[in-house]
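Analysis of the macromolecular model
Each chain, written out:
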Amino acid sequence: MGQPNDLSGQCICGAVRYRVQDNMAAFKLCYCSFCQKASGSAHVANAFTTPDQIEWLQGKEMLTSFDVPNSQVRRVFCCACGTTLPFETQNGKFLVVPAGSLSSPPSSPVAAIVGWASRPAWYDTALGLIEATRTEERTAQ
Ligand SMILES: [Zn+2]
Ligand SMILES: [Zn+2]
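Residues numbered from 1 in each chain as written. Chains lettered and ligands numbered in written order. Predicted model: local features only at pLDDT ≥ 70, side-chain atom pairs only at ≥ 80, totals over all residues.

Attention now moves to the overall build of the protein. Along the backbone of the protein there are two helices and 10 strands. Starting at the N terminus, the α and β elements of the protein follow one another as β-β-β-α-β-β-β-β-β-β-β-α. Reported as C-alpha extents along the three principal axes, the dimensions of the protein are approximately 45 × 40 × 30 Å. Each of the 141 residues in the protein was classed as buried or not, and the buried ones make up 21%. Within the protein, contacts between residues separated by at least 24 positions form 57% of all contacts whose residues are at least 6 apart in sequence. (Helix = DSSP H or I, 4+ residues; strand = E, 2+ residues; numbered from the N terminus. Buried ≥ 20, exposed ≤ 12 C-beta atoms within 10 Å, placed from the backbone. Contact = placed C-beta atoms within 7 Å.)

In this section: the environment of S104. Tracing the backbone shows S104 in the loop between β9 (95–98) and β10 (112–114). Residues S104 and S8, spaced 96 residues apart in sequence, show a C-alpha to C-alpha distance of 7.2 Å.

Once that is clear, we can look at the sheet that holds strand β1 (residues 6–10). With antiparallel pairing, the three strands of this open sheet are ordered in space as β1-β2-β5. At either margin of the open sheet sits one strand with a lone partner, and together these are β1 and β5 (54–58). Mean inter-strand twist for the sheet, computed between neighbouring axes without regard to direction, equals 25 degrees. Where β1 and strand β2 (residues 17–21) come together, five bridges link them in antiparallel fashion. Looking across to β2, one finds that G9 is bridged to Y18. (Pairing = 2+ DSSP bridges. Axes fitted to C-alpha atoms, helices over the stretch in contact; angles between N-to-C directions.)

The five strands are arranged β8-β9-β4-β3-β10 in an open sheet whose pairing can be described as mixed. Every interior strand has two partners, whereas the edge strands, β8 (87–88) and β10, have only one. Examined bridge by bridge, strand β3 (residues 26–30) and strand β4 (residues 44–49) share five bridges and lie antiparallel to one another. When the sheet's bridge partners are listed, L29 is paired in β4 with A45.

All right, on to the nonpolar core then. Judged by nonpolar contacts, the single largest core of 16 residues is most densely connected at V16, V20, C78, L85 and V97. Contributing elements (two or more residues each) for this core: β2, β7 (74–78) and β9. The dominant element in this core, judged by the number of residues it contributes, is β9, at three residues. In this structure V20 touches L7, G9, T49, Q53, I54, P86 and V97, once residues within four positions along its chain are discounted. (Core = buried A, V, L, I, M, F, W, Y, C linked by C-beta atoms within 7 Å.)

Here we take up the environment of A112. When you line up the elements, A112 lands in strand β10. Through-space distance from the C-alpha of A112 to that of A26 is 8.1 Å; in sequence the pair is 86 residues apart.

Attention now moves to unusual backbone geometry. If you check the backbone angles, N70 has positive phi at about 55 degrees while not being a glycine. Take N70: it is sitting in the loop between β6 (63–67) and β7. Its 5 C-beta neighbours within 10 Å are what place N70 among the exposed residues.

So yeah, pure geometry; function would need other evidence.
Shown next, in the form of structure tokens:
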């Protein structure tokens, strides 16, 4: 299915499926307070490309969207399961792909951390635990 340089993605319930070219211009984590709300977690992980790079394979009619006021952001999600899915910015310039909706990682690595000063208070504790877990993992190998 698709070209070797395609990435595929889908929502949790499987109603919506898409394919996007693996040529992301940027891949960023954002910890700002807006992105905490958007993700329900400490940060979003978004890859950026252009709207002509996506092909909706299935369930496009299931997409629901919300244009965030005074912003380029449009929240797009599956109306059945609520999974956050790729969206075109309100000015039509960019396609923003939530990395977690992809079935395999983009080939470009995370290249920027945005909004770090706004990270939630619990995140540094979590980072310490992540580091301890990584150490255990290395020790076990
Ligand atoms: Zn769904
Ligand atoms: Zn943000």
